[in-house]
Amino acid sequence: MSKKRIIVVGNGMVGHNFINTLATSDYASQLELITFSEEPRLAYDRVQLSKYFSGATAEDLALTTTAEYDDLGVNYIMSDKVVGIDADNKTITTANGRVEGYDKLVLATGSYPFVPPIPGKDQDHCLVYRTIEDLEAINASAAVSKTGVVVGGGLLGLEAANALKAAGLDTHVVEFAPRLMAVQLDEGGGKLLRHKIESLGVSVHTEKNTKEIVAGEECRYRMNFADGSYLETDMILFSAGIRPQDELARQFGLDLGERGGIVINDFCQTSDENIYAIGECALWDNKIFGLVAPGYQMAKVTADHIVNTLLTLEEPKMAFQGADMSTKLKLLGVDVASIGDAHGHTAGAQSFVFSDDLEEVYKRLIVSADGKKLIGAVLVGDTESYGTLLQLMLNDMDIPGNPAALILPAMGDAEPVGLGVSALPETAQICSCFDVTKGDISGAVQGGCCTMGDIKDATKASTGCGGCAALVKQVMEAELEAMGVEVDHSLCEHFAYTRTELADIVRVKGYTTFEEIMESHGKGHGCEICKPTIGSILASYQNEYVLKDHLMPLQDTNDIFLGNMQKDGTYSIVPRVPGGEITPDKLIAIGEVAKEYDLYTKITGGQRIDLFGAQLHELPAIWKKLIDAGLETGQAYGKSVRTVKSCVGSTWCRYGVLDSVSMAVAIEERYKGMRSPHKLKFAVSGCTRECAEAQSKDIGVIATETGWNLYVCGNGGMRPRHADLFATDLDDETLIKYIDRVLMFYVRTADRLQRTSVWLENLEGGLDYLKDVVINDKLGICSELEDEMTKIVSTFQCEWKTTIENPEKLKRFKHFVNADQEDNNLLYVRERGQRRPATEDERIALTDVTVAE
Amino acid sequence: MTNWTSVCPLTDLTPDTGVCALVGGKQVAVFRYGAGETVYAISNYDPFGKANVLSRGIVGSIGERPVVASPLYKQHFDLSSGECLEDADKAIESFAVRIENGVVEVAASA
Ligand code: SRM
Ligand SMILES: Cc1cc2nc3c(=O)[nH]c(=O)nc-3n(C[C@H](O)[C@H](O)[C@H](O)COP(=O)(O)OP(=O)(O)OC[C@H]3O[C@@H](n4cnc5c(N)ncnc54)[C@H](O)[C@@H]3O)c2cc1C
Ligand code: SF4
Ligand code: FES
């Protein structure tokens, strides 16, 4: 039997998905697949198009290669457009004059950007955003522009604005509607999104109808709006929506929708039974689906229909039933999600709104009249609950408890309302990009998959937009646990233990070297994850000099040379300034060293002074001078105790009730040098005005009329967390005792690189449990914890002092072991009276000069 | 004929650490792998961080391959070939290395 010929017009995301489905199916050998692409390349990932601006190349975005199509026996013709269909004779014609016959024809021609008919829209720097060629044009234009305007404040428009912003342009978004993302968001959501985007420096202009584009005065163009206002810009990017590419169907008599789009039935057949349309060009139930997931679903249905009508002659097994258009995205760094009926158009729908102006979070839930089912949602600023909400809606599940609880932040001890993955039916679609259900993932796990990598290979779940990753992982882990397989929490490929388990092993067995631990509990040669982890555990329990021969290979980037490595390979120097208190003499000593070595000098955020730009060979001499002046290492390089910030307190301040500086100095002296799972920061304030910001620290102490209040597990940085009040009105001794215990319990049980804030959040039983362990000695380990701390306190040494007294160790503080030269790659320029590393551009300029000399 | 440049006595190389040597005008990172006589030499230049720092990275293994992790952004380089495990396009030069009379020596070209 001769092969059946299938021609696919358009090799975009959906056309390719269709081809791939058939070419890798059992029927591949009975089919001849031919695809035409108008673009000069095969399919690429349009969804990730914006990554092109952050460095992804056309190859990175490619969904396939010519070699892969060759292997699969797929015929492809690129840079040739199909211009004619002869449905009676079942042939197509291309722009280059090629004529090919088909048994079945699939139109996957996608869509094109709509450019409103504004006079002046066809000028050089008026562009669109759809193909790789478009992006090349945008790049070229951005390079010669200062200001850019995106016309259209929808999903794509905001993505385009992000690209212009990243290219360094003064960026504006001009929207016709009264709010951004009008299709997906309600008024409240749109307002918050606008506020967030404006605070990122993108100007938003709503309700602007562009009348014409004329020559500008300040910039290349001026856009005149209907309301008489105008905006000047050097380039314009149109993102005012898409239109189905239905030109072929229009010319050759296939049924179209009123506003365009090729009409299809549930099997994706057009008005000619041998011609199908899939993806963004197709109109089903009067709807166009502008997302890939529904397109992929159509591709599946069409493949099934073609195989069954052409080859097996059986009933088709699938039908297209519409698709959910819920989306979750990060636009200009802002999390946004829209689910189902976001506008509450359903009859009788009720809504719940949660809005927090401080945290900039807006959430709205639309529920059915009886309050039992979720029918829509809008989330801006916090989309963590997207997965849960989407599943509730898609699976028509009853809302557990009070609907409001779904969007309210967790208060106090209350557990946040989640939806255990076990509650989901097997048919629940977890990954919509690739239509992967919970059952598919469970099946893959039963088939032997046990990592996210395996699952991605086996099911493709989470390889599209990535929005489903968290849920996929939960389903996988739940299934693994149900099978009795222990979920892999291994530290790395060398140790099948968590950091907490390794800490227990080291403590109980009293190990003192990496080799012993590797021999008894690990395999291989170690890596940059397990070595520093074990190095840190050993330091927490043994507190030996970290550059001892057997410990040195375990030390991370900064610890191994006792300084923070900077971007050019030089180091910074931070002497300890306990409590932020420093004598003028010490200040002068620091200043003199900085001057002698021409070090860039800055006051840090931790109340001390950082000197940058020292080369390896300079470190020992610099530290010798500092130590001679009575200073000590500040361990800014270690995962260890950093600073204890203080306020001036009762000694000078008219409000101070206790001597906060003395307490801060005492605390810093006690815990200095202590290495821990992550860095530790403390602060002591002299009264409740809290000038030392103690409530943002791992350990915070605040003076009251009746004693010290102790706060624990606060965090600044990436995810700020207010510290929790742990105990009140403590005397000095009890305060220190509690801190000792909290810290050593943290050392014992925390994960690698887990700050105390995250540790507490993950500690079963939370704050109450921690209080029980530390205050009531629930586990009976308090005296052990105190002994461990006593050992650390009594074995402190200034690592730099030990190092400069040890000639063997000093040998390593040279750029070359076998020569006295310096690194010839270092290049500096002066700015505001100080030295800093040259930028990439400056380097080129500076090197050219040297060559010319 | 190969030109060998002396780096340092093997005993100056702490097991599982590296040093940087100047070999024929090039910056070469020389590593001692384990406590024995296994030594490797690759370029000292980190093509990601664009700085001469690889000799200061942590030595270990990925699967069977001996590697160093860059101290800047932690990409892995195969000590025996200079191959980058994360990005095949970013391979770096590797050098022949030997121990003669207890002294580590590197050849300027492999
Ligand atoms: C120098 C300094 C900035 C400054 O110029 O002021 C600084 C500089 C660095 N910080 Fe910081 N941080 C500095 C104060 C802070 C503060 C403010 C404070 O301590 O009061 C914070 C927020 C408070 C907090 O940590 O809770 C801070 C939050 C971070 C974070 C985020 C930690 C988090 O849990 O979210 C990192 C990244 C990390 O540790 O993983 C970081 C990491 C770094 C590193 C180590 C990044 C690196 O690996 O190269 C920087 C190198 C320092 C160097 O080369 O010497 N730095 N960093 C400050 C040194 C303080 C000191 O005297 O030791
Ligand atoms: C910047 C951007 C971001 C996006 N983000 C998302 C997202 O986050 N999530 C999501 O689900 N979707 C997203 N989309 C939409 C998604 O890319 C589309 O839904 C998807 O590409 C549609 O696939 P398609 O095959 O129907 O059309 P296309 O991918 O457009 O492919 C159609 C192809 O057919 C070719 N063609 C047309 N006519 C002819 C002809 N006569 N002869 C030969 N070839 C022809 C076209 O040149 C094109 O190559 C995004 C789109 C863009 C542009
Ligand atoms: S916290 Fe209190 S004591 Fe300290 S400086 Fe502020 S007002 Fe004064
Ligand atoms: S939902 Fe997009 S990758 Fe799974």
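Please read all numbers here as calculations on a predicted model, not as lab measurements.

Analysis parameters
- Residues numbered from 1 in each chain as written.
- Chains lettered and ligands numbered in written order.
- Predicted model: local features only at pLDDT ≥ 70, side-chain atom pairs only at ≥ 80, totals over all residues.
- Heavy atoms only, no water.
- Helix = DSSP H or I, 4+ residues; strand = E, 2+ residues; numbered from the N terminus.
- Buried < 20%, exposed > 50% of the residue type's maximum accessible area, 1.4 Å probe, protein only.
- Contact = heavy atoms within 4.5 Å.
- Lys, Arg positive; Asp, Glu negative; His and termini not counted.
- Salt bridge = Lys/Arg side-chain N within 4 Å of Asp/Glu carboxyl O.
- Pairing = 2+ DSSP bridges.
- Axes fitted to C-alpha atoms, helices over the stretch in contact; angles between N-to-C directions.
- Core = buried A, V, L, I, M, F, W, Y, C linked by side-chain atoms within 4.5 Å.
- Near = heavy atom within 4 Å.
- Nonpolar A, V, L, I, M, F, W, Y, C, P; charged D, E, K, R; others polar.
- Parallel < 35°, antiparallel > 145°, perpendicular 65-115°, else oblique.
- Left-handed = near helix turned anticlockwise from the far one by under 90°.
- Polar contact = N/O pair within 3.5 Å; in protein donor to acceptor, adjacent residues only side chain to side chain.
- Buried area = accessible area lost by both parts, 1.4 Å probe.
- pLDDT = per-residue confidence, 0-100.

A closer look at the overall build of chain B
Piece 1. Scanning chain B from N- to C-terminus turns up zero helices and 12 strands.
Piece 2. Along its sequence from the N terminus, chain B presents helices and strands in the succession β-β-β-β-β-β-β-β-β-β-β-β.
Piece 3. Per-residue burial for chain B yields a buried fraction of 56% across its 110 residues.
Piece 4. Of the contacts formed within chain B by residues at least 6 apart in sequence, a portion of 41% connects residues at least 24 apart.

A closer look at the side chain of A:Lys679
Piece 1. The topology assignment puts A:Lys679 in the loop between α18 (660–671) and β33 (680–685).
Piece 2. Although A:Lys679 is buried, it forms no salt bridge, and the closest oppositely charged side chain is A:Asp698 at an N-O distance of 8.6 Å.

Describing the sheet that holds strand β3 (residues 75–78) of chain A
All names here are of chain A.
Piece 1. Taken in spatial order, the five strands of this open sheet run β3-β2-β1-β7-β19, and their pairing is parallel. Edge positions in the open sheet fall to β3 and β19 (275–277), since each of these has one partner strand only. Within this sheet the neighbouring strands show an average axis-to-axis angle of 15°, counted without direction.
Piece 2. Looking at chain direction, strand β2 (residues 31–37) and β3 are connected through four bridges and run parallel. Across the sheet, Ile 34 pairs through a bridge with Asn 75, a residue of β3.
Piece 3. Each of β1 (4–9), β2, β7 (104–107) and β19 touches helix α8 (residues 292–312); the most contacted strand, β7, lies at about 170° to it.

Some details on the nonpolar core
Residue and element names in this part refer to chain A.
Piece 1. Formed by 91 residues in total, the largest nonpolar core has its most connected members in Ile 6, Phe 18, Leu 105, Leu 107, Ile 278 and Leu 389.
Piece 2. With 10 residues, the single largest contributor to this core is α8.
Piece 3. Ignoring any residue separated from it by four or fewer positions in sequence, one finds Ile 6 in contact with Phe 18, Leu 22, Leu 31, Glu 32, Leu 33, Ile 34, Lys 104, Val 106 and Ile 306.

Digging into the site of ligand 3
Piece 1. In the neighbourhood of ligand 3, the contacting residues comprise A:Cys647, A:Gly649, A:Cys653, A:Tyr655, A:Gly656, A:Gly686, A:Cys687, A:Arg689, A:Glu690 and A:Cys691.
Piece 2. A class-by-class count of the residues in the shell around ligand 3 yields five nonpolar, three polar and two charged.

With respect to the sheet that holds strand β12 (residues 103–107) of chain B
Residue and element names in this part refer to chain B.
Piece 1. What the three strands build is an open sheet, ordered β1-β12-β11; its pairing is antiparallel. Taken across any chain shown, the strands that pair with only one partner, and hence form the sheet edges, are β1 (4–9) and β11 (97–100). Geometrically, the sheet is characterised by an average inter-axis angle of 30° between neighbouring strands, direction not taken into account.
Piece 2. Direction of pairing for β11 relative to β12: antiparallel, over a ladder of four bridges.

Some remarks on the pattern of salt bridges
Residue and element names in this part refer to chain A.
Piece 1. As enumerated under the stated definition, the model contains 55 salt bridges over all chains in all.
Piece 2. The partner of Asp 598 in a salt bridge is Arg 835, and the shortest N-O contact between them spans 3.5 Å. Note that Asp 598 is positioned in the loop between α16 (584–596) and β30 (600–603) and Arg 835 in strand β38 (residues 834–837), a separation of 237 residues in sequence.
Piece 3. Here the salt bridges do not stand alone but share partners, grouping Asp 504, Arg 507, Arg 748, Glu 784 and Glu 788 into one network.

Here's the deal with the packing of helix α1 (residues 13–23) of chain A against α8(A)
Residue and element names in this part refer to chain A.
Piece 1. Between α1 and α8, the shortest axis-to-axis distance is 9 Å and the interhelical angle comes to 40°. With respect to their mutual orientation, α1 and α8 come out oblique. For the pair α1 and α8, the sense of crossing is right-handed. On α8, the residues touching Met 13, Val 14, Asn 17, Phe 18, Thr 21 and Leu 22 of α1 are Val 292, Gly 295, Tyr 296, Ala 299, Thr 302, Ala 303, Ile 306 and Val 307.
Piece 2. Its residues assigned to classes, the contact of α1 with α8 comprises 10 nonpolar, four polar and no charged.

A short note on the side chain of A:Glu280
All names here are of chain A.
Piece 1. As for its position among the elements, Glu 280 is in the loop between β19 and β20 (282–283).
Piece 2. Residue classification places Glu 280 among the buried residues on the basis of a relative accessible area of 14%.
Piece 3. Side-chain polar atoms of Glu 280 contact the side chain of Ser 111, separated by 2.5 Å.
Piece 4. Engagement of the side chain of Glu 280 in a polar contact is seen with the side chain of Arg 130, the distance being 2.9 Å.
Piece 5. Not counting chain neighbours up to four residues away, the residues in contact with Glu 280 comprise Gly 110, Ser 111, Arg 130, Ile 242, Pro 244, Ile 288, Phe 289, Gly 290 and Leu 291.

Observations concerning the site of ligand 1
Residue and element names in this part refer to chain A.
Piece 1. Around ligand 1 sit 20 residues, and of these Gln 566, Gly 605, Arg 608, Lys 679 and Gly 716 come closest.
Piece 2. Gln 566 places a side-chain nitrogen or oxygen 2.5 Å from an oxygen atom of ligand 1.
Piece 3. Between an oxygen atom of ligand 1 and a main-chain N or O atom of Gly 716, the distance comes to 2.6 Å.
Piece 4. Within the shell around ligand 1, the residues separate by chemical class into two nonpolar, 11 polar and seven charged.

What about the pairing of strand β4 (residues 39–43) of chain B?
All names here are of chain B.
Piece 1. Judged by how many residues are buried, β4 sits mostly within the fold: five of five residues are covered.
Piece 2. With five bridges connecting them, strand β3 (residues 26–32) and β4 associate as antiparallel partners. Directly across from Phe 31, in β4, lies its bridge partner Tyr 40.
Piece 3. Hairpin remark: β3 followed by β4, antiparallel, with six residues in the connecting loop; positive phi at Gly 34, about 75°.
Piece 4. Bridging between β4 and strand β10 (residues 94–95) involves two bridges; their strand directions are antiparallel. Along β10, the bridge assignment pairs Ile 42 with Ser 94.

Overview of the environment of B:Gly34
Piece 1. Along the chain, B:Gly34 falls in the loop between β3 and β4.
Piece 2. Residue classification places B:Gly34 among the buried residues on the basis of a relative accessible area of 12%.
Piece 3. Measuring from C-alpha to C-alpha, the distance between B:Gly34 and B:Asp16 comes to 5.2 Å, with 18 residues separating the pair along the chain.
Piece 4. Not counting residues up to four positions away in its chain, the partners in contact with B:Gly34 are A:His525, B:Pro15 and B:Asp16.

A word on unusual backbone geometry
Residues and elements named next belong to chain A.
Piece 1. One non-glycine residue with positive phi stands out, namely Leu 562, at about 55°.
Piece 2. Along the polypeptide, Leu 562 turns up in the loop between α15 (530–542) and β28 (564–565).
Piece 3. Its identity as a non-glycine residue notwithstanding, Glu 690 has a phi of 65°, on the positive side.

Quick look at the interface of chain A and chain B
By a frequent convention, interface size equals the accessible area lost on bringing the separate parts together.
Piece 1. Facing the 36 residues of chain A at the interface are 35 residues of chain B.
Piece 2. A combined buried area of about 2800 Å² lies between chain A and chain B, and 53% of that area is made up of carbon and sulfur atoms.
Piece 3. The partner of A:Asp556 in a salt bridge is B:Lys74, with the nearest N and O atoms 2.6 Å apart.
Piece 4. Joining chain A to chain B, the criterion identifies 21 residue pairs in polar contact (both at pLDDT 80 or more).
Piece 5. Looking at the side of chain A that touches chain B, its residues break down into 13 nonpolar, 13 polar and 10 charged.

Regarding the confidence of the model for chain B
Piece 1. Predicted confidence across chain B gives a mean pLDDT of 93, with 97% of residues reaching 70 or more.
Piece 2. Mean pLDDT values for the elements of chain B range from 94 in β1(B) up to 97 in β4(B).

Examining the environment of A:Ile7
All names here are of chain A.
Piece 1. Take Ile 7: it is sitting in strand β1.
Piece 2. On the accessibility criterion, Ile 7 (0% relative accessible area) is buried.
Piece 3. Expressed as a C-alpha distance, the spacing of Ile 7 and Asp 103, which sit 96 residues apart in the sequence, is 8.0 Å.
Piece 4. Sequence-distant contacts of Ile 7, that is, excluding residues within four places in its chain, are made with Ile 34, Phe 36, Ile 92, Glu 100, Gly 101, Tyr 102, Lys 104, Leu 105 and Val 106.

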